[in-house]
Amino acid sequence: MVIKLTPEVKGRIADAIAAAEATTSGEIFCVLARQVSSYRDISLGWAAAAALLLPLGLIPFGFDPAWIPGLGEGWQAAHLSSTDVIVGQSLAAYALIQSAVFLTAFLLTSIPGVRRMITPRSVRRARVRRAAMEQFLAHGLHVTQARTGVLIFAALSDHQVEVVADEGIYSKVDHAVWADAVEALAKGMKQGDPAAGFEVAIGLCGAVLAEHFPPGASNLNEVEDRLVLI
């Protein structure tokens, strides 16, 4: 499903942030990442494993260098000096097969849909979480006055979302609230309506921020109210 981020969508999310922050001294920031990792190392790992293991299946079938065009063809002398030639041809043929398997497996596992299926969920979750933490720190959500910054993060290619709350608010709120915000955003992304997903998640986070950190006299806006696309 293709998700389009039109100016209207960005405007709705910015308005939702502004509305939520009007009732609290906390800060909410939203980030949408197209891709948090290339996962090339995962493709390389699968390709290396395939190149190492799959060619072994040829041995029980009597692997012969002659299976490779240009190797093992023609007459062979039937004496001991020909052994080195046969061994060399066999190793060359086996190396060629391994190379072909490696390249084929790497190209197949580089297809986005295939790569997502073969990448362990724990790896994807860890990289999305790391990317979310990097954004949390990069945008200064950890240096707000009362340590009440909340990041709402969605990773498009990984189909995963994260909510990161600073220690000032995290310790005061039931973890179920953050889980509800994650679920709401994930539902909106799945339905192809990111604005609706972010709006609900922002509303849930804004409600708990307002409960524990009502707006002060000045209610400074420490972080810009907008969606960042990376």
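Reference entry: report on the structure contained in this document. Sequence positions are assigned chain by chain, starting from 1 and proceeding in written order. In view of the model being predicted, local features appear only for residues whose pLDDT reaches at least 70, and side-chain atom pairs are presented and counted only at 80 or more, with totals across whole chains, interfaces and linings using the full set of residues. Hydrogens and water are ignored here; the side-chain numbers use all heavy atoms of the structure.

## Considerations on the state of the cysteines
Here, the term disulfide refers to a pair of cysteine sulfur atoms separated by no more than 2.5 Å. Using the criterion set out here, one finds zero disulfides in the structure. Cysteine C30 remains unbridged, with the sulfur of C205 as its closest cysteine sulfur at 8.3 Å.

## Brief notes about the packing of aromatic side chains
Pairs were defined over the aromatic rings of Phe, Tyr and Trp, the Trp ring being its six-membered one, requiring ring centres within 6.5 Å. Orientation was assigned from the angle between planes: stacked under 30 degrees, edge-to-face over 60, tilted for the rest. Evaluation of the coordinates by the stated rule reveals one aromatic pair. Taking 6.5 Å as the distance between ring centres and 0° as the angle between the ring planes, the aromatic pair formed by F102 and F106 counts as stacked. One end of the pair is F102 and the other is F106, both in helix α3 (residues 82-109) and four residues apart, which spans about a single turn. Comment: elements are numbered from the N terminus, with helices defined as DSSP H or I runs of at least four residues and strands as E runs of at least two.

## Comments concerning the packing of helix α1 (residues 7-21) against helix α8 (residues 194-212)
Geometry is summarised by axes, namely lines fitted to C-alpha atoms with helices restricted to the contacting stretch, and by angles between N-to-C directions that run from 0 to 180 degrees. One way to put it is that α1 packs onto α8 with a least axis distance of 9 Å and a crossing angle of 10°. Considering the angle they form, α1 stands roughly parallel to α8. Between α1, through V9, R12, I13, A16, I17 and A20, and α8, the contact on the second element is made entirely by P194, A195, A196, F198, E199, I202 and G206. Its residues placed into classes, the contact of α1 with α8 shows ten nonpolar, one polar and two charged. Roughly parallel covers angles under 35 degrees, roughly antiparallel covers those over 145, roughly perpendicular covers 65 to 115, and oblique covers all other angles. We call two residues contacting when some pair of their heavy atoms lies within 4.5 Å. Under the scheme applied here, ten amino acids are nonpolar (Ala, Val, Leu, Ile, Met, Phe, Trp, Tyr, Cys and Pro), four are charged (Asp, Glu, Lys and Arg), and all others, including Gly, are polar.

## Topic: α1
For a helix, the expected span equals 1.5 Å multiplied by the number of residues minus one. The first and last C-alpha atoms of α1 sit 21 Å apart over 15 residues, in line with the 21 Å expected at 1.5 Å per residue. Listing the buried residues of α1 in full gives V9, I13, A14, A16, I17, A20 and E21. Buried residues of α1, viewed axially, fall in a sector of 155°; they line one side. Exposed residues on α1 whose side chains face more than 90 degrees from its buried face are P7, E8 and D15. Exposed residues in this analysis have more than 50% of their type's maximum accessible area, buried residues have under 20%, and partly exposed residues fall in between, with area computed by a 1.4 Å probe over protein chains only. Here the arc refers to the set of directions running from the helix axis out to each C-beta atom.

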